[in-house]
Amino acid sequence: MSQIDVHAILANLPLFNEISPEEINRIALGARELHLSRGDRLFHGGDASHGFYIVVYGQVKLAFTSTKGVEKVMKLVGPGHSFGEAVMFLDKPYPLSAHVLADSLLLHISKTVVYEEIARDPAFCRKMLAGLSMRLHGLVQDVESYSLHSSTQRVIGYLLQHETANPVAGKAPHIRLTASKTIIASRLNITPETFSRILHDLSATGLISVEGKDITIQDIEKLRNYG
């Protein structure tokens, strides 16, 4: 692939933290570029899995729809992150659907090349398990957040997790919402109305300011201790 450095992308993936350069090279041979446009559906729930995906740029929403037709967003996947590994190993169909939220470039890593690497060296499996364990730890933290934290604490946690320090000296940290408020609210397990109300309340207290999709944190220490 001439447009991107597949080896570097794989090497920086948390899943492959302990993988050797030689193993990375062999996995790269099973990588395929996917150029997708905003609004595209990558796969439906129930589709067969033939590998896993890495987001090079763009954003992908993983979600399922309840029997009542309500969509629940499980994860928003951005650049440098992967998804679909667990389903690949389970050899079961996808339980979720994947929608592209912005023009994106993904890498698809073939299940065949991963299995060949495991057969070549069983230690490779142990290394991948370490990466998957980190993912599981993150899911447990999500469940803990939904169960123990208030709606306001969840929104504040989201803002603090996504804040980016402004490179201009003296400027306040800011967040650019990369998905709609409806999608972010679903991810936080709250309603869009609750999400908007909490942003309004935080703005009224002077902790943040909101202008469209741009949010500026006026007092990050007070925000951390609020709610």
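These figures come from a predicted structure and were not determined experimentally. (Residues numbered from 1 in each chain as written. Predicted model: local features only at pLDDT ≥ 70, side-chain atom pairs only at ≥ 80, totals over all residues. Heavy atoms only, no water.)

## Topic: the packing of helix H2 (residues 21-28) against helix H4 (residues 111-120)
Working step 1: The contact between H2 and H4 brings their axes to 9 Å, and the two run at 145°. Once H2 is placed against H4, the crossing between them reads as right-handed. Each of Glu23, Arg26 and Ile27 in H2 lies in contact with H4, whose residues at this interface are Val113, Glu117 and Arg120.
Working step 2: Across the contact of H2 with H4, the residue classes break down as 2 nonpolar, no polar and 4 charged. (Axes fitted to C-alpha atoms, helices over the stretch in contact; angles between N-to-C directions. Helix = DSSP H or I, 4+ residues; strand = E, 2+ residues; numbered from the N terminus. Left-handed = near helix turned anticlockwise from the far one by under 90°. Contact = heavy atoms within 4.5 Å. Nonpolar A, V, L, I, M, F, W, Y, C, P; charged D, E, K, R; others polar.)

## Brief notes about the sheet that holds strand S7 (residues 174-176)
Working step 1: Spatial strand order, S7-S9-S8: 3 strands in an open sheet with antiparallel pairing. Edge positions in the sheet fall to S7 and strand S8 (208-211), since each of these pairs with one other strand and no more. Ignoring strand direction, the axes of neighbouring strands in this sheet form an average angle of 15°.
Working step 2: Taken together, the 4 bridges between S8 and strand S9 (residues 214-217) define a ladder with antiparallel strand orientation. What sits directly across from Glu211, in S9, is Asp214.
Working step 3: Against the sheet, helix H8 (residues 192-204) touches S8 and S9, its axis set at about 125° to S8. (Pairing = 2+ DSSP bridges.)

## Some remarks on the environment of His162
Working step 1: Here His162 is to be found in helix H6 (residues 151-162).
Working step 2: Separated by 12 residues in sequence, His162 and His174 place their C-alpha atoms 8.5 Å apart.

## A look at the pairing of strand S4 (residues 71-77)
Working step 1: Both strand S3 (residues 51-65) and S4 contribute to a ladder of 6 bridges, which runs antiparallel. Within S4, the residue paired with Leu62 across the bridge is Lys75.
Working step 2: Here S3 hands over to S4 after 5 residues, with Gly69 in that stretch at a positive phi of 85°.

## Thoughts on H8
Working step 1: In a regular helix each residue adds 1.5 Å, so 13 residues correspond to 18 Å; H8 covers 18 Å between its end C-alpha atoms and thus fits that length.
Working step 2: Taken together, the buried positions of H8 are occupied by Thr194, Phe195, Ile198, Leu199 and Leu202. In an axial view of H8, the angular spread of the buried residues amounts to 135°, which keeps them on one side of the axis. Those residues of H8 that are exposed and angled more than 90 degrees off the buried face are Glu193, His200 and Ala204.
Working step 3: In the core, the buried residues of H8 are packed alongside H6, helix H7 (181-187), S8, S9 and helix H9 (220-224).
Working step 4: The first or second residue beyond H8 is Gly206, which carries a positive phi of 85°. (Expected span 1.5 Å × (residues − 1). Buried < 20%, exposed > 50% of the residue type's maximum accessible area, 1.4 Å probe, protein only. Arc of directions from axis to C-beta.)

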